[in-house]
Amino acid sequence: MLVVMKPQATPEEIQAVCDRIKALGFRAHPMPGAERTAVGITGNSGAVEQGGLGDLPGVAEVIRVTKPYKLVSRDVKQEDTIITFPGTNASIGGRNLAVIAGPCSIESRDQAFATAEQVARAGVQFFRGGAYKPRTSPYAFQGMGEDGLKIMAEIRDTFGLRIVTEALDNESLDLVAEYADVIQIGARNMQNFSLLKRAGRTRKPVLVKRGMSATLDELLMAAEYVMSEGNYQVILCERGVRTFADHTRNTLDLSIVPAVQRASHLPIIVDPSHGTGKRNMVLPLARAGVAVGANGLMVEVHHDPDKAISDGAQTIFPEQFNELMQEVTQIAAAVHRSVPRGITVAEPTTAGRG
Ligand code: PEP
Ligand code: MN
(Lines give C-alpha, C1' and ligand atoms only; values in the text may rest on other atoms or scores of the structure.)
(Ligands and ions follow the chains in the order given, each with its own letter.)
Protein backbone atom coordinates (compact mmCIF):
# COMPACT_ATOMS: atom_id res chain seq x y z
CA MET A 1 0.00 0.00 0.00
CA LEU A 2 1.16 3.45 -0.87
CA VAL A 3 -0.19 6.80 0.25
CA VAL A 4 0.39 9.42 -2.43
CA MET A 5 0.38 12.94 -1.00
CA LYS A 6 -0.83 15.98 -2.92
CA PRO A 7 1.99 18.12 -4.35
CA GLN A 8 1.11 20.90 -1.89
CA ALA A 9 0.90 18.64 1.19
CA THR A 10 2.64 20.14 4.22
CA PRO A 11 5.29 18.40 6.36
CA GLU A 12 2.71 18.25 9.18
CA GLU A 13 0.21 16.48 6.94
CA ILE A 14 2.88 13.97 5.89
CA GLN A 15 3.77 13.41 9.54
CA ALA A 16 0.10 12.85 10.39
CA VAL A 17 -0.10 10.16 7.71
CA CYS A 18 3.03 8.47 9.11
CA ASP A 19 1.58 8.62 12.63
CA ARG A 20 -1.66 7.03 11.47
CA ILE A 21 0.26 4.23 9.69
CA LYS A 22 2.24 3.57 12.89
CA ALA A 23 -0.95 3.60 14.95
CA LEU A 24 -2.30 0.91 12.61
CA GLY A 25 0.74 -1.20 13.55
CA PHE A 26 2.75 -0.74 10.32
CA ARG A 27 5.91 1.02 9.30
CA ALA A 28 5.78 4.28 7.33
CA HIS A 29 8.44 5.18 4.75
CA PRO A 30 8.08 8.75 3.49
CA MET A 31 9.80 9.03 0.10
CA PRO A 32 10.05 12.64 -1.07
CA GLY A 33 10.04 13.15 -4.83
CA ALA A 34 10.37 16.19 -7.06
CA GLU A 35 6.59 16.44 -7.58
CA ARG A 36 5.15 14.90 -4.44
CA THR A 37 5.90 12.71 -1.45
CA ALA A 38 4.67 9.14 -1.32
CA VAL A 39 4.52 7.20 1.93
CA GLY A 40 5.21 3.48 1.58
CA ILE A 41 3.66 1.11 4.09
CA THR A 42 5.46 -2.07 5.14
CA GLY A 43 5.03 -4.59 7.91
CA ASN A 44 1.77 -5.92 6.55
CA SER A 45 1.63 -9.44 5.22
CA GLY A 46 -1.70 -8.91 3.48
CA ALA A 47 -3.72 -5.91 2.38
CA VAL A 48 -3.73 -2.98 4.81
CA GLU A 49 -7.12 -1.91 6.11
CA GLN A 50 -7.13 1.66 4.89
CA GLY A 51 -7.86 2.95 8.41
CA GLY A 52 -9.15 6.27 7.07
CA LEU A 53 -5.81 7.12 5.45
CA GLY A 54 -7.51 8.30 2.28
CA ASP A 55 -9.46 10.92 4.22
CA LEU A 56 -6.50 12.57 5.94
CA PRO A 57 -5.62 16.12 4.86
CA GLY A 58 -3.06 16.35 2.07
CA VAL A 59 -3.64 12.81 0.79
CA ALA A 60 -4.19 12.51 -2.98
CA GLU A 61 -4.80 8.77 -3.14
CA VAL A 62 -4.11 5.44 -1.51
CA ILE A 63 -2.99 2.79 -3.96
CA ARG A 64 -2.21 -0.86 -3.67
CA VAL A 65 1.27 -1.91 -4.77
CA THR A 66 0.94 -5.33 -6.29
CA LYS A 67 4.61 -5.94 -7.04
CA PRO A 68 6.55 -7.97 -4.47
CA TYR A 69 9.02 -5.12 -4.06
CA LYS A 70 7.63 -1.83 -2.92
CA LEU A 71 10.15 0.70 -1.63
CA VAL A 72 12.60 -0.03 -4.46
CA SER A 73 9.87 0.46 -7.03
CA ARG A 74 9.30 3.43 -9.30
CA ASP A 75 5.68 3.32 -8.15
CA VAL A 76 6.84 4.70 -4.82
CA LYS A 77 9.40 7.14 -6.20
CA GLN A 78 9.49 8.16 -9.83
CA GLU A 79 12.74 10.12 -9.82
CA ASP A 80 16.14 8.44 -9.77
CA THR A 81 17.65 8.13 -6.31
CA ILE A 82 20.86 10.12 -6.04
CA ILE A 83 23.07 9.27 -3.08
CA THR A 84 25.24 12.13 -1.92
CA PHE A 85 28.30 12.19 0.31
CA PRO A 86 28.10 15.18 2.65
CA GLY A 87 30.97 17.62 2.46
CA THR A 88 32.04 16.39 -1.00
CA ASN A 89 30.97 16.72 -4.63
CA ALA A 90 30.62 12.92 -4.90
CA SER A 91 27.34 11.22 -5.69
CA ILE A 92 26.01 7.93 -7.01
CA GLY A 93 22.89 7.90 -9.19
CA GLY A 94 21.44 10.32 -11.69
CA ARG A 95 23.48 11.82 -14.51
CA ASN A 96 26.96 11.58 -13.00
CA LEU A 97 28.90 8.39 -13.60
CA ALA A 98 30.38 7.14 -10.31
CA VAL A 99 33.66 5.28 -10.67
CA ILE A 100 34.83 3.06 -7.80
CA ALA A 101 38.34 1.67 -8.19
CA GLY A 102 40.93 -0.11 -6.11
CA PRO A 103 42.36 -3.51 -5.35
CA CYS A 104 40.36 -6.61 -4.60
CA SER A 105 41.91 -6.79 -1.13
CA ILE A 106 43.79 -4.40 1.09
CA GLU A 107 47.09 -6.24 1.42
CA SER A 108 49.33 -3.70 3.12
CA ARG A 109 49.55 0.03 3.72
CA ASP A 110 52.09 0.43 0.92
CA GLN A 111 50.02 -1.53 -1.59
CA ALA A 112 46.81 0.32 -0.75
CA PHE A 113 48.45 3.77 -0.85
CA ALA A 114 50.31 3.06 -4.10
CA THR A 115 47.07 2.04 -5.78
CA ALA A 116 44.98 4.80 -4.21
CA GLU A 117 47.39 7.44 -5.43
CA GLN A 118 47.10 6.15 -8.98
CA VAL A 119 43.31 5.93 -9.08
CA ALA A 120 42.98 9.32 -7.38
CA ARG A 121 45.21 10.79 -10.07
CA ALA A 122 43.02 9.19 -12.73
CA GLY A 123 40.12 11.21 -11.30
CA VAL A 124 37.92 8.79 -9.34
CA GLN A 125 35.90 9.74 -6.28
CA PHE A 126 35.61 6.30 -4.69
CA PHE A 127 38.24 3.82 -3.53
CA ARG A 128 37.38 0.16 -3.07
CA GLY A 129 39.26 -2.55 -1.18
CA GLY A 130 38.28 -5.58 0.85
CA ALA A 131 39.31 -5.87 4.49
CA TYR A 132 37.05 -8.88 4.99
CA LYS A 133 37.17 -11.19 1.98
CA PRO A 134 34.72 -13.91 0.97
CA ARG A 135 37.08 -16.65 -0.25
CA THR A 136 36.17 -20.02 -1.68
CA SER A 137 38.98 -21.64 0.30
CA PRO A 138 39.29 -21.24 4.06
CA TYR A 139 43.07 -21.41 3.56
CA ALA A 140 43.17 -18.40 1.21
CA PHE A 141 43.92 -14.86 2.45
CA GLN A 142 40.87 -13.71 4.38
CA GLY A 143 41.67 -10.00 4.51
CA MET A 144 43.42 -7.72 7.01
CA GLY A 145 40.30 -7.05 9.07
CA GLU A 146 40.23 -3.85 11.10
CA ASP A 147 43.82 -3.01 10.15
CA GLY A 148 42.63 -2.90 6.54
CA LEU A 149 39.75 -0.62 7.48
CA LYS A 150 42.16 1.73 9.24
CA ILE A 151 44.33 1.93 6.12
CA MET A 152 41.29 2.86 4.07
CA ALA A 153 40.32 5.55 6.58
CA GLU A 154 43.84 6.98 6.17
CA ILE A 155 43.37 6.90 2.40
CA ARG A 156 40.16 8.89 2.78
CA ASP A 157 42.00 11.44 4.92
CA THR A 158 44.90 11.68 2.48
CA PHE A 159 43.18 11.68 -0.92
CA GLY A 160 39.59 12.58 -0.03
CA LEU A 161 38.37 9.41 -1.75
CA ARG A 162 35.17 7.91 -0.29
CA ILE A 163 35.63 4.31 0.83
CA VAL A 164 33.67 1.27 -0.40
CA THR A 165 34.33 -1.97 1.48
CA GLU A 166 32.59 -5.24 2.12
CA ALA A 167 30.84 -6.37 5.29
CA LEU A 168 31.12 -10.13 5.26
CA ASP A 169 29.01 -11.05 8.25
CA ASN A 170 26.93 -9.73 11.11
CA GLU A 171 29.96 -9.79 13.41
CA SER A 172 31.96 -7.34 11.30
CA LEU A 173 29.15 -5.18 9.94
CA ASP A 174 29.10 -2.53 12.66
CA LEU A 175 32.85 -2.11 12.50
CA VAL A 176 32.77 -1.83 8.71
CA ALA A 177 29.94 0.72 8.99
CA GLU A 178 32.11 2.86 11.28
CA TYR A 179 34.89 3.17 8.71
CA ALA A 180 33.16 2.85 5.34
CA ASP A 181 31.35 5.47 3.30
CA VAL A 182 29.56 2.67 1.41
CA ILE A 183 28.98 -0.80 2.86
CA GLN A 184 29.33 -3.49 0.21
CA ILE A 185 27.26 -6.66 0.46
CA GLY A 186 28.94 -9.27 -1.72
CA ALA A 187 27.38 -11.55 -4.30
CA ARG A 188 27.58 -14.53 -1.95
CA ASN A 189 25.65 -12.61 0.68
CA MET A 190 22.93 -11.15 -1.53
CA GLN A 191 20.38 -13.38 0.16
CA ASN A 192 21.87 -13.24 3.64
CA PHE A 193 18.70 -11.69 4.96
CA SER A 194 19.91 -10.99 8.50
CA LEU A 195 22.97 -9.17 7.09
CA LEU A 196 20.80 -7.14 4.70
CA LYS A 197 18.48 -6.14 7.52
CA ARG A 198 21.39 -5.19 9.69
CA ALA A 199 22.86 -3.06 6.90
CA GLY A 200 19.41 -1.50 6.65
CA ARG A 201 19.63 -0.40 10.25
CA THR A 202 22.83 1.57 9.61
CA ARG A 203 22.66 4.98 7.98
CA LYS A 204 25.46 4.36 5.49
CA PRO A 205 24.78 3.74 1.78
CA VAL A 206 24.70 0.03 0.96
CA LEU A 207 26.00 -1.47 -2.30
CA VAL A 208 24.24 -4.77 -2.99
CA LYS A 209 26.01 -7.00 -5.50
CA ARG A 210 23.89 -9.36 -7.54
CA GLY A 211 24.10 -12.99 -6.46
CA MET A 212 25.64 -15.23 -9.09
CA SER A 213 22.36 -16.96 -9.81
CA ALA A 214 19.96 -14.19 -8.78
CA THR A 215 17.07 -13.03 -10.94
CA LEU A 216 16.08 -9.38 -11.32
CA ASP A 217 13.32 -9.81 -8.73
CA GLU A 218 15.66 -11.48 -6.26
CA LEU A 219 18.14 -8.62 -6.61
CA LEU A 220 15.40 -6.05 -6.09
CA MET A 221 14.06 -7.95 -3.08
CA ALA A 222 17.55 -7.91 -1.53
CA ALA A 223 17.49 -4.11 -1.86
CA GLU A 224 13.97 -4.12 -0.41
CA TYR A 225 15.32 -5.87 2.72
CA VAL A 226 17.74 -2.98 3.29
CA MET A 227 15.11 -0.32 2.59
CA SER A 228 12.45 -1.98 4.72
CA GLU A 229 14.65 -1.19 7.73
CA GLY A 230 14.58 2.51 6.88
CA ASN A 231 17.86 2.84 4.93
CA TYR A 232 16.93 4.19 1.51
CA GLN A 233 20.49 4.67 0.24
CA VAL A 234 20.95 1.51 -1.78
CA ILE A 235 23.05 0.95 -4.89
CA LEU A 236 22.77 -2.20 -7.00
CA CYS A 237 25.69 -3.83 -8.80
CA GLU A 238 25.76 -6.22 -11.74
CA ARG A 239 28.88 -8.40 -11.39
CA GLY A 240 28.13 -11.30 -13.67
CA VAL A 241 26.19 -14.51 -13.24
CA ARG A 242 27.02 -18.17 -13.71
CA THR A 243 26.26 -19.56 -17.14
CA PHE A 244 27.61 -22.37 -19.33
CA ALA A 245 30.07 -19.95 -20.90
CA ASP A 246 33.61 -20.86 -19.96
CA HIS A 247 35.55 -18.12 -21.73
CA THR A 248 34.90 -15.84 -18.77
CA ARG A 249 34.68 -16.26 -14.98
CA ASN A 250 31.08 -14.99 -15.04
CA THR A 251 28.75 -13.73 -17.73
CA LEU A 252 28.23 -10.00 -17.33
CA ASP A 253 24.49 -9.58 -17.78
CA LEU A 254 24.29 -6.00 -19.01
CA SER A 255 20.64 -6.32 -19.93
CA ILE A 256 19.79 -6.12 -16.24
CA VAL A 257 20.79 -2.43 -16.26
CA PRO A 258 17.81 -1.12 -18.26
CA ALA A 259 15.60 -3.72 -16.55
CA VAL A 260 16.53 -2.37 -13.10
CA GLN A 261 16.18 1.22 -14.28
CA ARG A 262 12.69 0.55 -15.55
CA ALA A 263 11.54 -1.13 -12.35
CA SER A 264 13.44 0.88 -9.76
CA HIS A 265 14.65 4.36 -8.88
CA LEU A 266 17.84 2.95 -7.35
CA PRO A 267 21.22 3.43 -9.05
CA ILE A 268 22.84 0.42 -10.70
CA ILE A 269 26.55 0.11 -11.40
CA VAL A 270 28.52 -2.48 -13.38
CA ASP A 271 31.57 -4.45 -12.20
CA PRO A 272 33.45 -5.63 -15.32
CA SER A 273 36.23 -7.15 -13.19
CA HIS A 274 34.27 -9.92 -11.48
CA GLY A 275 31.94 -9.85 -14.48
CA THR A 276 34.65 -11.22 -16.76
CA GLY A 277 37.49 -12.44 -14.55
CA LYS A 278 39.94 -11.46 -17.29
CA ARG A 279 42.18 -8.42 -17.40
CA ASN A 280 41.91 -8.01 -21.16
CA MET A 281 38.11 -7.91 -21.01
CA VAL A 282 37.73 -5.28 -18.30
CA LEU A 283 38.10 -2.27 -20.60
CA PRO A 284 35.69 -3.47 -23.33
CA LEU A 285 33.02 -4.42 -20.79
CA ALA A 286 33.51 -1.19 -18.84
CA ARG A 287 32.83 0.67 -22.09
CA ALA A 288 29.75 -1.47 -22.64
CA GLY A 289 28.51 -0.92 -19.08
CA VAL A 290 28.62 2.83 -19.56
CA ALA A 291 27.06 2.58 -23.01
CA VAL A 292 24.15 0.54 -21.66
CA GLY A 293 23.40 3.33 -19.20
CA ALA A 294 24.84 2.18 -15.87
CA ASN A 295 25.15 4.81 -13.15
CA GLY A 296 28.71 3.81 -12.43
CA LEU A 297 31.52 1.28 -12.58
CA MET A 298 33.42 -0.73 -10.02
CA VAL A 299 36.86 -1.78 -11.25
CA GLU A 300 39.68 -3.74 -9.63
CA VAL A 301 43.01 -1.92 -10.03
CA HIS A 302 46.35 -2.74 -8.38
CA HIS A 303 49.70 -0.97 -8.68
CA ASP A 304 51.25 -4.39 -9.42
CA PRO A 305 48.39 -6.73 -10.35
CA ASP A 306 50.52 -9.77 -11.04
CA LYS A 307 51.46 -9.74 -7.37
CA ALA A 308 47.90 -9.20 -6.12
CA ILE A 309 46.94 -11.66 -3.37
CA SER A 310 43.38 -11.99 -4.68
CA ASP A 311 41.78 -11.60 -8.12
CA GLY A 312 45.02 -10.61 -9.88
CA ALA A 313 43.90 -12.16 -13.17
CA GLN A 314 41.03 -9.70 -13.49
CA THR A 315 42.85 -6.72 -12.01
CA ILE A 316 44.13 -4.01 -14.35
CA PHE A 317 47.28 -1.90 -14.25
CA PRO A 318 47.02 1.81 -13.38
CA GLU A 319 47.93 2.73 -16.99
CA GLN A 320 45.06 0.60 -18.26
CA PHE A 321 42.80 2.29 -15.76
CA ASN A 322 43.82 5.71 -17.06
CA GLU A 323 42.84 4.61 -20.53
CA LEU A 324 39.55 3.26 -19.20
CA MET A 325 38.73 6.60 -17.56
CA GLN A 326 39.45 8.49 -20.77
CA GLU A 327 37.37 6.20 -22.91
CA VAL A 328 34.38 5.94 -20.59
CA THR A 329 34.36 9.72 -20.23
CA GLN A 330 33.77 9.96 -23.98
CA ILE A 331 31.16 7.21 -24.01
CA ALA A 332 29.37 8.72 -21.02
CA ALA A 333 28.87 11.96 -22.96
CA ALA A 334 27.13 10.04 -25.74
CA VAL A 335 24.60 8.62 -23.27
CA HIS A 336 24.04 11.94 -21.48
CA ARG A 337 26.18 11.23 -18.46
CA SER A 338 29.30 12.93 -17.28
CA VAL A 339 32.29 11.72 -15.32
CA PRO A 340 33.30 14.14 -12.58
CA ARG A 341 37.05 14.73 -12.40
CA GLY A 342 38.17 13.92 -8.89
CA ILE A 343 36.68 14.62 -5.52
CA THR A 344 36.51 17.90 -3.68
CA VAL A 345 36.15 17.83 0.07
CA ALA A 346 34.96 20.80 2.11
CA GLU A 347 37.28 21.98 4.87
CA PRO A 348 36.36 20.20 8.10
CA THR A 349 34.02 22.46 10.00
CA THR A 350 35.01 23.76 13.41
CA ALA A 351 31.39 24.56 14.25
CA GLY A 352 30.42 23.35 17.67
CA ARG A 353 33.97 23.34 19.02
CA GLY A 354 34.98 25.42 22.10
C1 PEP B 1 34.70 -8.06 -4.54
O2 PEP B 1 34.11 -7.01 -4.89
O3 PEP B 1 35.93 -8.14 -4.35
C4 PEP B 1 33.90 -9.31 -4.45
C5 PEP B 1 34.28 -10.30 -3.65
O6 PEP B 1 32.85 -9.30 -5.27
P7 PEP B 1 31.64 -10.34 -5.48
O8 PEP B 1 30.92 -10.38 -4.16
O9 PEP B 1 30.87 -9.74 -6.59
O10 PEP B 1 32.26 -11.67 -5.84
MN1 MN C 1 37.67 -9.30 -6.04
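Our subject is the structure listed above.
Residues numbered from 1 in each chain as written. Chains lettered and ligands numbered in written order. Predicted model: local features only at pLDDT ≥ 70, side-chain atom pairs only at ≥ 80, totals over all residues. Heavy atoms only, no water.

Brief notes about the overall build of the protein
Step number 1: Helix and strand counts for the protein stand at nine helices and 14 strands.
Step number 2: Taking 20 Å as the expected radius of gyration for a compact globule of 354 residues, we find that the protein reaches 21 Å, a close match to that expectation.
Step number 3: Overall, the C-alpha framework of the protein stretches about 65 × 60 × 45 Å when taken along its three principal axes.
Step number 4: The buried share among the 354 residues of the protein stands at 55%.
Step number 5: Looking at the protein alone, contacts between residues at least 24 apart form 70% of all its contacts between residues at least 6 apart.
Step number 6: For the protein, the exposed area adds up to about 15,000 Å²; of that, 50% sits on carbon and sulfur atoms.
Step number 7: The centroid of the 38 positive side-chain charges in the protein is displaced by 2 Å from the centroid of its 39 negative side-chain charges. (Helix = DSSP H or I, 4+ residues; strand = E, 2+ residues; numbered from the N terminus. Rg over C-alpha atoms; globule rule 2.2 N^0.38 Å. Buried < 20%, exposed > 50% of the residue type's maximum accessible area, 1.4 Å probe, protein only. Contact = heavy atoms within 4.5 Å. Areas by Shrake-Rupley, 256 points an atom, 1.4 Å probe, with all protein chains shown as cover. Lys, Arg positive; Asp, Glu negative; His and termini not counted. Charge placed at Lys NZ, Arg CZ, Asp CG, Glu CD.)

What to know about the nonpolar core
Step number 1: One finds Phe127, Ile155, Val208, Leu236, Phe321 and Leu324 to be the most contacted residues of the largest nonpolar core, which totals 91 residues.
Step number 2: Here this core takes six residues from helix 6 (residues 216–228), the largest share from any one element.
Step number 3: Judged by nonpolar contacts, the second largest core, of 15 residues, contains Val17, Ile41, Leu53 and Leu56. (Core = buried A, V, L, I, M, F, W, Y, C linked by side-chain atoms within 4.5 Å.)

Examining the site of ligand 1
Step number 1: Near ligand 1, the surroundings consist of 13 residues, among which Arg128, Gln184, Ala187, Arg188 and Arg239 are the closest.
Step number 2: Here Lys133 contributes a side-chain N or O atom positioned 2.9 Å from an oxygen atom of ligand 1.
Step number 3: A distance of 2.6 Å separates an oxygen atom of ligand 1 from a polar side-chain atom of Arg239.
Step number 4: In the complex, the protein chains occlude 97% of the 290 Å² of accessible area that ligand 1 would expose alone. (Near = heavy atom within 4 Å. Polar contact = N/O pair within 3.5 Å; in protein donor to acceptor, adjacent residues only side chain to side chain.)

Remarks on the environment of Glu171
Step number 1: By the element assignment, Glu171 lies in helix 4 (residues 170–179).
Step number 2: Considered as a pair, Glu171 and Asn250 are 79 residues apart in the sequence and their alpha carbons are 29 Å apart.

Concerning the coordination of the manganese ion (ligand 2)
Step number 1: The coordination sphere of the manganese ion (ligand 2) contains the protein donors Cys104 (SG), His274 (NE2), Glu300 (OE) and Asp311 (OD), at a distance range of 2.0 to 2.4 Å.
Step number 2: Counting along the primary sequence, the residues that act as donors to the manganese ion (ligand 2) give the motif C-x169-H-x25-E-x10-D. Placement of Cys104 in the loop between strand 7 (98–102) and helix 2 (109–121) and of His274 in the loop between strand 13 (268–270) and helix 8 (279–291) is noted, with a sequence separation of 170 residues between them.
Step number 3: You can call Cys104 buried: its relative accessible area is 4%. (Donors = N, O, S within 2.8 Å, 3.2 Å for Na, K, Ca; no water.)

Some remarks on the packing of aromatic side chains
Step number 1: Taken as a whole and assessed by the stated rule, the structure comprises three aromatic pairs.
Step number 2: Considering the side-chain rings of Phe113 and Phe159, the 5.9 Å spacing of their centres and the 50° angle between planes classify their relative orientation as tilted. Separated by 46 residues along the polypeptide, Phe113 in helix 2 and Phe159 in helix 3 (residues 146–159) bring together distant segments of the chain.
Step number 3: The cationic tip of Arg109 hangs over the ring face of Phe113; the distance from NZ or CZ to the ring centre is 4.4 Å. (Phe/Tyr/Trp six-rings, centres within 6.5 Å; stacked < 30°, edge-to-face > 60°. Lys NZ or Arg CZ within 6 Å of the ring centre and 35° of its normal.)

What about the sheet that holds strand 14 (residues 296–300)?
Step number 1: Pairing within the closed barrel is parallel, and its eight strands lie in the order 7-8-9-10-11-12-13-14. On average, each strand axis in the sheet is inclined to that of its neighbour by 25°, with strand direction left out of account.
Step number 2: Both strand 9 (residues 162–166) and strand 10 (residues 182–185) contribute to a ladder of three bridges, which runs parallel. If you follow Glu166 over to strand 10, its bridge partner there is Gln184.
Step number 3: The strands touched by helix 3 within the sheet are strand 8 (126–128) and strand 9, with strand 9 carrying the most contacts at an inclination of about 160°. (Pairing = 2+ DSSP bridges. Axes fitted to C-alpha atoms, helices over the stretch in contact; angles between N-to-C directions.)

Here's the deal with the environment of Asn189
Step number 1: Relative to the helices and strands, Asn189 is located in the loop between strand 10 and helix 5 (193–200).
Step number 2: Owing to a relative accessible area of 10%, Asn189 belongs among the buried residues under this scheme.
Step number 3: Considered as a pair, Asn189 and Arg210 are 21 residues apart in the sequence and their alpha carbons are 9.0 Å apart.

Overview of the packing of helix 6 against helix 7 (residues 256–263)
Step number 1: At a minimum axis distance of 11 Å, the contact between helix 6 and helix 7 shows a crossing angle of 50°. In terms of their interaxial angle, helix 6 and helix 7 are classed as oblique. Relative to helix 7, helix 6 is oriented so that their crossing is right-handed. In this structure, helix 6 contributes Leu216, Leu219 and Leu220 to the contact, and helix 7 contributes Ile256, Ala259, Val260 and Ala263.
Step number 2: Looking at side-chain class alone, the contact of helix 6 with helix 7 contains seven nonpolar, no polar and no charged residues. (Parallel < 35°, antiparallel > 145°, perpendicular 65-115°, else oblique. Left-handed = near helix turned anticlockwise from the far one by under 90°. Nonpolar A, V, L, I, M, F, W, Y, C, P; charged D, E, K, R; others polar.)

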